[in-house]
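The residues making up each chain are set out below.
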Amino acid sequence: MIKKVGILFGMEDTYPWAFIDKVNELGKGEVIAEAVQIDKVQQGIDYGYSVIFDRISQEVPFYRAYLKNASLMGTAVINNPFWWSADEKFFNNCLSMEMGIPVPKTVLLPSNTRPDNTSETSFRNLKGPLDWEYMFDYIGFPAYMKPHDGGGWKSVYRVENSEQLFEAHKETEQLVMMLQEEIVFDDYFRVYCLGQKYVHIMPYDPRKPFHERYVSNIKATGESRKKLLKTVHDYTLKLNQALGYDFNTVEFAVRDGVPYAIDFCNPAPDADIHSVGQENFDWIVEHSAKYAIEKAKAHKPGQNNTSWGGFLRNSIASTTRKVGKVNLKTAAQAKKTAVKSPINKKKVAKAATVKKAPAKTKAATKSKK
Ligand SMILES: Nc1ncnc2c1ncn2[C@@H]1O[C@H](COP(=O)(O)OP(=O)(O)O)[C@@H](O)[C@H]1O
Ligand SMILES: [Mg+2]
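Here the structure is a predicted model, which means the values were calculated and not measured. Numbering of residues starts from 1 in every chain and runs along the sequence as written. Chains and ligands are labelled by the order in which they are written, letters from A for the one and numbers from 1 for the other. Restriction of local features to residues with pLDDT of at least 70 applies here, the model being predicted, together with a cutoff of 80 or more for giving and counting side-chain atom pairs; totals for whole chains, interfaces and linings are based on all residues.

**Considerations on the overall build of the protein**
Alright, step 1. A run of H or I in DSSP becomes a helix once it reaches four residues, and a run of E becomes a strand once it reaches two; helices and strands are each numbered from the N terminus. Check the secondary structure of the protein and you find 13 helices and 14 strands.
Alright, step 2. Counting the 369 residues in the protein, one finds 31% classified as buried.
Alright, step 3. Any two residues are considered in contact once their C-beta atoms, placed from the backbone, lie within 7 Å. Long-range pairs, those at least 24 residues apart, make up 71% of the contacts in the protein between residues at least 6 apart in sequence. Residues with at least 20 neighbouring C-beta atoms inside 10 Å of their own are called buried, those with 12 or fewer are called exposed, and the rest are partly exposed, where every C-beta is derived from the backbone.

This is how it looks when you write it as structure tokens:
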């Protein structure tokens, strides 16, 4: 059976098309790729993709909901839409510490402005003023302040003292922020990681103009460079295996030979040829296509084929889900069995008793556990 790979994307215009072409080339007719096509989203319907690469659901909540259903139907969604919804940077840092991967000293700050529909009394658990003195002493200045759930360099501030911090904090309104120690770095890397196994380390200089950032040299030399690259490689794998991301970039700032993980929650990472450059673009196109084909071939219908990170897997008891026995359908089956004239109540009632309502099915499956 031919397996279908889909890609869901937004404004980006180089990577998705190259990805589709590469999967079609390497898939040899057994695995084919296309831009995901959606003209309706009905609950409990399998729209037939073995694999979907998601590049945009962070900006389109409708897609995120579509993908959660697709994942339940057995599509291997890259990246896991459930985990992506749950994840944020502050938690990433905490998990990182637990795994022994260095991160800058960081504290969480409540939003400067109250969230909509809250009042003074919604914050009775927050002490005022906060223990700023402790926090400033712990983090030091200059420091970085950035959203605990951000991306794309939005609302990232470098502040030199408490006055600047409070000024900047006001601008961030309802965003929950993190205050973070500045890592003054010798080297900086952005690292692609695919399928929690393919790693590509890119020297990157965030201080350079946009189009030159990926054309930097590594400062470390000889043995220390070798050791550094091995550590960066290993940390990248460890982080992605724990978080369960199949397509991610991790950023490291290197100070005194120690790589600190700065930003490792980029589940739709930049892959545009105009920013990452030809060589990095070729690597990501080639490897993501290869990985998509592996996932498509390994795809088992009716099972959950989406990756779950070690953190989650180790946190929950193993349970076996009874999948799709009764009422989960493919789009083609749904079309065939669709009730054509809802006005005919007899027919509707019959269809309902024979086929059973999805809600009932789910409840029945659950109660068997
Ligand atoms: N703790 C830090 N020390 C030094 N530079 C930092 C630090 N945090 C962020 N930066 C700089 O700010 C940039 C954006 O921050 P980042 O955490 O990557 O946010 P985003 O998710 O928006 O990309 C980084 O690429 C880096 O250049
Ligand atoms: Mg970043």
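**Quick notes on the sheet that holds strand β13 (residues 258-263)**
Alright, step 1. Here we have four strands laid out as an open sheet, ordered β11-β10-β12-β13, and antiparallel in their pairing. A single partner strand is all that each edge strand has here, and the edge strands are β11 (198-203) and β13. Strand-to-strand, the axes of this sheet are offset by a mean angle of 30 degrees, without reference to chain direction. When DSSP finds at least two bridges between two strands, those strands are taken to pair. Angles run from 0 to 180 degrees between N-to-C directions of axes, and those axes are lines fitted to C-alpha atoms, restricted for helices to the stretch in contact.

**Some words on the sheet that holds strand β4 (residues 51-54)**
Alright, step 1. Strands sit in the order β2-β1-β4-β5 across an open sheet of four strands; the sheet is parallel. Of all the strands in the sheet, the pair left with one neighbour each is β2 (31-35) and β5 (76-78). Direction aside, neighbouring strands of the sheet carry axes that sit 20 degrees apart on average.
Alright, step 2. Pairing geometry for strand β1 (residues 3-8) and β4, over four bridges, is parallel. Within the sheet, the bridge partner assigned to Ile7 lies in β4 and is Phe53.
Alright, step 3. Docked against the sheet, helix α1 (residues 15-26) engages β1, β2 and β4, running at close to 160 degrees with respect to β2.

**Examining the site of ligand 1**
Alright, step 1. Among the 18 residues in the neighbourhood of ligand 1, the closest are listed as Pro104, Tyr144, Ile183, Pro206 and Asp263.
Alright, step 2. When residues of the shell around ligand 1 are traced back to their parent elements, those giving at least two are β7 (143-147), β9 (177-181), β12 (247-255) and β13.
Alright, step 3. Broken down by class, the residue content of the shell around ligand 1 amounts to eight nonpolar, four polar and six charged. Here is the check we use: build the C-beta atom from the backbone, and if it is within 6 Å of the molecule or strand, call the residue near. Residues are sorted three ways: Asp, Glu, Lys and Arg are charged, Ala, Val, Leu, Ile, Met, Phe, Trp, Tyr, Cys and Pro are nonpolar, and all the rest, Gly among them, are polar.

**Considerations on the pairing of β7**
Alright, step 1. Sheet analysis places β7 next to strand β8 (residues 157-159), joined by three bridges and oriented antiparallel. Across the sheet, Tyr144 pairs through a bridge with Arg158, a residue of β8.
Alright, step 2. Pairing between β7 and β9: five bridges, direction antiparallel. Each residue of the ladder has a partner; that of Ala143, found in β9, is Glu181.

**Structural notes on the nonpolar core**
Alright, step 1. Here a nonpolar core is just a set of buried residues of the types Ala, Val, Leu, Ile, Met, Phe, Trp, Tyr and Cys, joined wherever their C-beta atoms sit within 7 Å. One finds Phe19, Val23, Ile52, Phe252, Ala261 and Ala292 to be the most contacted residues of the largest nonpolar core, which totals 62 residues.
Alright, step 2. Residue contributions to this core peak at seven residues, all from helix α9 (residues 278-298).
Alright, step 3. Discounting chain neighbours no more than four positions away, the residues touching Ala261 are Ser96, Ile101, Pro102, Val103, Tyr235, Leu239, Val250 and Phe252.
Alright, step 4. Grouped together as the second largest cluster of nonpolar side chains are seven residues, Ile139, Ala143, Met177 and Leu179 included.

**Considerations on α1**
Alright, step 1. Take the residue count of a helix, subtract one, and multiply by 1.5 Å to get its expected span. For α1, which comprises twelve residues, the first-to-last C-alpha distance of 16 Å matches the rise-based estimate of 16 Å (1.5 Å per residue) to within 8%.
Alright, step 2. The set of residues buried in α1 consists of Tyr15, Phe19, Ile20, Lys22 and Val23.
Alright, step 3. Of the surrounding secondary structure, the elements contacted by the buried residues of α1 are β1, β2, β4 and α9.

**Some points on the confidence of the model for the protein**
Alright, step 1. Confidence of the predictor at the level of single residues is captured by pLDDT, which takes values from 0 to 100. Averaged over all residues, the pLDDT of the protein equals 90, while 88% of them reach at least 70.
Alright, step 2. Low pLDDT (under 50) marks residues 347-369, which in the prediction has 18 contacts with non-local residues, meaning those over four places away or in another chain.

**Some details on the packing of α1 against α9**
Alright, step 1. Two elements in contact, α1 and α9, have axes separated by 9 Å at closest approach and are oriented at 55 degrees. Judged on the interaxial angle alone, α9 and α1 are oblique. Between α1 and α9 the crossing geometry is right-handed. When α1 is examined against α9, the residues Tyr15, Ala18, Phe19, Lys22, Val23 and Leu26 are found in contact with a partner set consisting of Val285, Glu286, Ser288, Ala289, Lys290, Ala292 and Ile293.
Alright, step 2. Here the residues of the contact of α1 with α9 are counted per class, giving nine nonpolar, one polar and three charged. Working rule for angles: under 35 degrees goes down as roughly parallel, over 145 as roughly antiparallel, 65 to 115 as roughly perpendicular, anything else as oblique. Left-handed describes a crossing whose near helix is turned anticlockwise from the far helix through less than a right angle; right-handed describes the clockwise counterpart.

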